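A structural walkthrough
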Amino acid sequence: MTPARLLVEERLAGRSYRFFETIPSTMDAAREWLADEAPNGAIVIAGTQTAGRGRLGRQWHNAGRSALALSVILTLSAEALHQVPMLGGLVVYDTLHHLKVPGLVLKWPNDILVGTRKISGVLVETAWDGSRLTGAILGIGLNISGGFNSPDIVETAISLADVLETAPDYGAVLSTLVGRLDDWLPALGTPQMYHAWRGRLNTIGLRVRVESSAVFEGIAEDTTESGALLVRADDGQLRTVLAGDVRLRSV
Ligand code: BT5
């Protein structure tokens, strides 16, 4: 038995989970399990992903030495779907806060940064049977110790080992994260979830460059309850950004 498998067994004992030493993406294994009636909150976790993915067809790289890569299967009503990214942001933010990571930033829609570097990413996918929602899959990647060797993230990624004097081990990070999942999962679909996410979001009040279907600059003024960003564009119009990325600009 490998060390990662042992740690996962120890920390996820009593839960519904599937562990894979190496797998293309936990998102696909979670989708298969969802189709096979996985229970709400079931977790698919991988030692290493060979084809980890981000939003909009982007790649998610394994952090060099150690990283958490997991997907949580959620069976939920369509009304609660827009809160799944919020759930992901809250779980990761509160995990890192609990681990006393300094300089945490939750950037809309759901980048978790330390200063300006990304330490974790959240990806939400949905599964449908015709027009009926069968579930959502919440993917979380979290860098524990780096040694990043992909040129496109060397300058932009960071890991727990880079920011904490004593980096917690894989098992401790996993336990903290599933603990926060237990805290927040019951709030899915309630106004409490929105307000908690909104309260942690650092983007409000900042000047941003929006890169979605349209590209423009303005001041991020607020969010809507469904998680969209309201940006006062430089032409004075208040524009609603449903999806995409923002870059923070200095004012
Ligand atoms: C995300 O996408 O940040 C969502 C990442 C979700 C990954 C998890 S791991 C478990 C589950 N299984 C999967 O296959 N995926 C999920 P996005 O906002 O599109 O950001 C992607 C961008 O982040 C890339 O284009 C890189 O610039 C950067 N990036 C990639 N890997 C990174 C890493 N390990 N650390 C920091 N930044 C990274």
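Residues numbered from 1 in each chain as written. Predicted model: local features only at pLDDT ≥ 70, side-chain atom pairs only at ≥ 80, totals over all residues. Heavy atoms only, no water.

1. Things to note about the packing of aromatic side chains
Selection rule: Only the six-membered ring of Trp is used, alongside the rings of Phe and Tyr, when aromatic pairs are assigned; centres must lie within 6.5 Å, and planes under 30 degrees apart are stacked while those over 60 apart are edge-to-face, with the rest tilted. Per the convention used, a helix needs a DSSP run of H or I reaching at least four residues, while a strand needs a run of E reaching at least two, with both numbered from the N terminus. To sort residues, take the accessible area from a 1.4 Å probe on protein chains only and compare it with the maximum for the residue type: under 20% means buried, over 50% means exposed, and anything in between is partly exposed. We call a charge positioned above a ring when the Lys NZ or Arg CZ atom is no farther than 6 Å from the ring centre and deviates by at most 35 degrees from the ring normal.
In total, this model carries one aromatic pair according to the counting rule given. Relative to Trp-197, the ring of Tyr-194 has its centre 6.3 Å away and its plane inclined at 45 degrees; by these criteria the two rings are tilted. In this pair, Tyr-194 and Trp-197 both sit in helix α6 (residues 191-200), three residues apart, roughly one turn of the helix. Per residue, the accessibility class of Tyr-194 equals that of Trp-197, and both read buried. Just above the ring of Phe-216 sits the side chain of Arg-239; from NZ or CZ to the centre is 4.1 Å.

2. Describing the pattern of salt bridges
Stated formally: By definition here, a salt bridge exists when the distance from a side-chain nitrogen of Lys or Arg to a carboxyl oxygen of Asp or Glu is within 4 Å.
Using the criterion set out here, one finds 18 salt bridges in the structure. As a salt-bridge pair, Arg-247 and Glu-211 come within 2.9 Å of each other at their nearest N and O atoms. Placement of Arg-247 in strand β12 (residues 245-249) and of Glu-211 in strand β8 (residues 207-211) is noted, with a sequence separation of 36 residues between them. Since its relative accessible area comes to 46%, Arg-247 is described here as partly exposed. Glu-211 gets classed as partly exposed once you look at its relative accessible area, which sits at 23%. The network of salt bridges with common partners includes Asp-28, Arg-31, Arg-53 and Glu-125.

3. As for the site of the ligand
Put simply, the test is: Throughout, the term near means that a residue has one or more heavy atoms lying within 4 Å of the molecule or strand in question. The term polar contact refers here to a pair of N or O atoms within 3.5 Å; inside protein, the definition further demands a hydrogen-donor-capable atom paired with an acceptor-capable atom, and it admits residues adjacent in sequence only when both atoms are side-chain atoms. Values of accessible area rely on a 1.4 Å probe in the Shrake-Rupley scheme; residue burial ignores everything except the protein chains shown. Residues were grouped as follows: Ala, Val, Leu, Ile, Met, Phe, Trp, Tyr, Cys and Pro as nonpolar; Asp, Glu, Lys and Arg as charged; and all remaining residues, including Gly, as polar.
Neighbouring residues of the ligand: 26 residues in total, closest Ser-25, Gln-49, Arg-53, Arg-58 and Lys-118. One nitrogen or oxygen atom from the side chain of Gln-49 is found 2.8 Å from a nitrogen atom belonging to the ligand. The contact in question runs from a nitrogen atom of the ligand to an N or O atom on the side chain of Asn-143, over 2.8 Å. Relative to its unbound accessible area of 790 Å², the ligand is 93% covered by the protein chains. Secondary structure elements with two or more residues in the shell around the ligand: α2 (26-35), β3 (66-74), β6 (117-129) and β7 (132-145). Along the lines of polarity and charge, the residues of the shell around the ligand split into nine nonpolar, 12 polar and five charged.

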